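# Overview (structure and organization)
Take a look at the letters that make up each chain.
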Amino acid sequence: MEFIISKYNYWMYIVLMMIGFYAMIAKRNLVKKLLGLNIFQWAIILFYVSTGVKKGATIPIIEGGHGELVHAVNAAQYLNPLPHVLMLTAIVVGVSTTGVALALIVLIYRRFGTVEEDEILEALK
Amino acid sequence: MMMEHLPAIIIVFPLIMAFLINVAGWWSKKACFYMALLAVTVSFLASLGILNTVLQSGTISYRFGGWEPPWGIEYVIDHLNAFMLVIVSGITLPVVLYSKKSIEQELPKKIPQFYTLFTLLMMGLLGITITGDAFNLYVLLEIASITGYALIGLGDEKAPLASFNYLIIGTIGACFYLLGVGYLYIMTGSLNMADLAQRLPALYSSNAVMAAFAFFMVGIAIKMAFFPLHVWLPDAYSHAPSTVSAYVACTMTKVGAYVMIRIMFTVFEPSFSIQLHPVTTIFGWVAAAAMMYGCILAVAQNDLKRMLCYIIIAEVGYIVMGISAANRMGFTGAVLHILNDAFMMACLFLVVGAIYYKTGAKTIGEYRGLFKKMPFTSMSFAVGALSVVGVPPTCGFFSKWYLVLGTINAEQWVFAAALLASSLLSAIVFFRVLQNMFFAPAASSSHDQGSESHVQEKRHEAPGSMLIPIFVTIAGILLLGVFSGQIIEMIIQYTVPEGF
């Protein structure tokens, strides 16, 4: 129990990822599939962001860095900003993937008049 | 001065050009082609310059903004990278020449958009090969994939759906790769590949590192369409515009194979991928299945492009087979096959595209008697087909030779048998097409039987701007075959990881 609670953010990432995975596999509606994909991607972002967090730490701006107070930097005092920065890039990637996918869905809708996969496959026969 | 910055130019120049092409498209559609051609030519020359430097003075390390490697983004170019860069940019050149006529016919309204995406796709692929940073690789992988989805979506009626399915599966693959990077980052605190390689050996027994390796392998296997994760490929590639299918067919999967080699043997040591876990043994069996599956399904296809798509799945199997043989011969064969396969697939897809351009033929039945109409194109198809089958002196023979030697050295007789069997199957696949092209009478001439003998079949050869790129790939296939020994001696022998 302790194990689950102390790392609940990692458990949540797995749960979210599986929800997204399920939606991509089981749903027949293309928009729902896309939403599943988004949940999947955001779960990974949650995972990355939680790796940078420390208890009792502050934002990574060196205290007194601009003033006269020059002292040794204690790394344990600050959050790790790198995973957060990486995720800014990953969010951009996710948004552009979603954009392309939505454009494709619009194209599909114009051609077949539906976004249900079953009906599209039926129309293609 | 210029030479020093070539690793940056090869990426940044096409990136800037991609945006300029889009802007220029508002004024002149004709300019787009020439701008894309310029971008590709500059990248090709830069990649030749890089290869020359690497051959003379060894590995190059280029630091962006002058930041030291573990913190800043570093571009590392050793023999394998330089080799891949020349393959990718070198194959882009004929494809972009070819695209002019083909795109004017297939996508007359979207010329600027096409060339913007095309240049971005090339930049993404070059970036994947050149980077020495695991996260940077993810970003460039996604640039290449997203432009790929958009380009494939431009194709025929079924293309958007095929592209959407590819998008879903491809993004899952990229996400797995990203998770792998994340696990390694938690364990080591580093993203630089060389730095990771130094820090990882102490952690090889950790479960997280093992999970990271598994995520990497599954993610890359999806991206390179490695059986049984190939399901997206036949739909996506066969419905794309012909230039796009030619380009993605000859580069995407090969770059995926390159990433697999990088992760298995640079980020992780060969001892991890071969001895600590039976990864290579498992991959060997799956690769054998991939070769058989690809060739058998290729026999069953009627649509030419779709048939070639299944051949690609088999070819990916060959490359992985060479990697999984885990000895010098097999690895040489795998790297040589990356090069040869790029040329073979480019040749075949370009020919199929040219035939579609002139006659609209898609299925094998429509190819009957094509030799009389398009003799040069048909001959080119024959050369490409013989190379895939593995007939000397085409290049396909030499890489298969090394692959078979590799499996024999590893004493994996089943794998050697699978290699030979799938070569035989691909012979069946292609001779069926060649028989229709060269020996069967044309389907259309059946209704005027009487006049058939003295009515000369009119030649409808593809335009020069399509034939020349095809001839370039043919020359490539033959020359690479003749000079494969020199290529191995000059470049490939240095790419073999230590301990093989």
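Residues numbered from 1 in each chain as written. Chains lettered and ligands numbered in written order. Predicted model: local features only at pLDDT ≥ 70, side-chain atom pairs only at ≥ 80, totals over all residues.

So, about the interface of chain B and chain A. Contact with chain B, which involves 22 residues of that partner, is made by 25 residues of chain A. Counting residues per element, the ones that place at least two in the side of chain B that touches chain A are α5 (134-153) and α6 (159-188) of chain B. Take the side of chain B that touches chain A: its biggest share by element is 13 residues, from α6 of chain B. Broken down by class, the residue content of the side of chain B that touches chain A amounts to 15 nonpolar, four polar and three charged. (Contact = placed C-beta atoms within 7 Å. Helix = DSSP H or I, 4+ residues; strand = E, 2+ residues; numbered from the N terminus. Nonpolar A, V, L, I, M, F, W, Y, C, P; charged D, E, K, R; others polar.)

Before going further, it helps to spend a moment on the nonpolar core. Residue and element names in this part refer to chain B. Counting residues in hydrophobic clusters, the biggest one holds 221 residues, and the most contacted among them are A36, Y177, I312, V316, A346, C347 and F349. Here this core gets 21 residues from one element, more than from any other, and that element is helix α14 (residues 328-359). Sequence-distant contacts of A346, defined by excluding residues within four places in its chain, comprise I91, P94, V95, A246, C250 and T473. (Core = buried A, V, L, I, M, F, W, Y, C linked by C-beta atoms within 7 Å. Buried ≥ 20, exposed ≤ 12 C-beta atoms within 10 Å, placed from the backbone.)

A rise of 1.5 Å per residue sets the reference length of helix α4 (residues 111-130) of chain B, with its 20 residues, at 28 Å; its end C-alpha atoms lie 29 Å apart and thus fit the reference within 8%. Counting buried residues in α4 of chain B gives 19 out of 20 residues, a clear majority hidden from the surface. (Expected span 1.5 Å × (residues − 1).)

Let's shift gears to the packing of α5 of chain B against α6 of chain B. Residues and elements named next belong to chain B. At a minimum axis distance of 9 Å, the contact between α5 and α6 shows a crossing angle of 175°. Of the possible angle classes, the one that applies to α5 and α6 is roughly antiparallel. Here A134, F135, Y138, L141, E142, S145, Y149, I152 and G153 of α5 lie close against α6, whose contacting residues are A159, P160, A162, S163, Y166, L167, G170, A174, Y177, L178, V181 and L184. Its residues assigned to classes, the contact of α5 with α6 comprises 16 nonpolar, four polar and one charged. (Axes fitted to C-alpha atoms, helices over the stretch in contact; angles between N-to-C directions. Parallel < 35°, antiparallel > 145°, perpendicular 65-115°, else oblique.)

Before going further, it helps to spend a moment on helix α2 (residues 29-57) of chain B. Residues and elements named next belong to chain B. Taking 1.5 Å as the rise per residue, α2 with 29 residues should run 42 Å; its terminal C-alpha atoms sit 43 Å apart, in good agreement. Within the span of α2, buried status applies to C32, F33, M35, A36, A39, V40, S43, F44, A46, S47, I50 and V54. Close packing links the buried residues of α2 with α1 (6-24), β1 (60-63), β2 (74-77), α3 (79-106) and α4. Taken from the residues just after α2, G58 is the one with a positive phi, measuring 80°.

A few words on the confidence of the model for chain B. The pLDDT averaged across chain B works out to 86; a share of 96% of its residues lies at or above 70. Of the regions scoring below 50 in pLDDT, residues 445-456 of chain B engages in one contact with residues more than four places distant in sequence or in other chains. (pLDDT = per-residue confidence, 0-100.)

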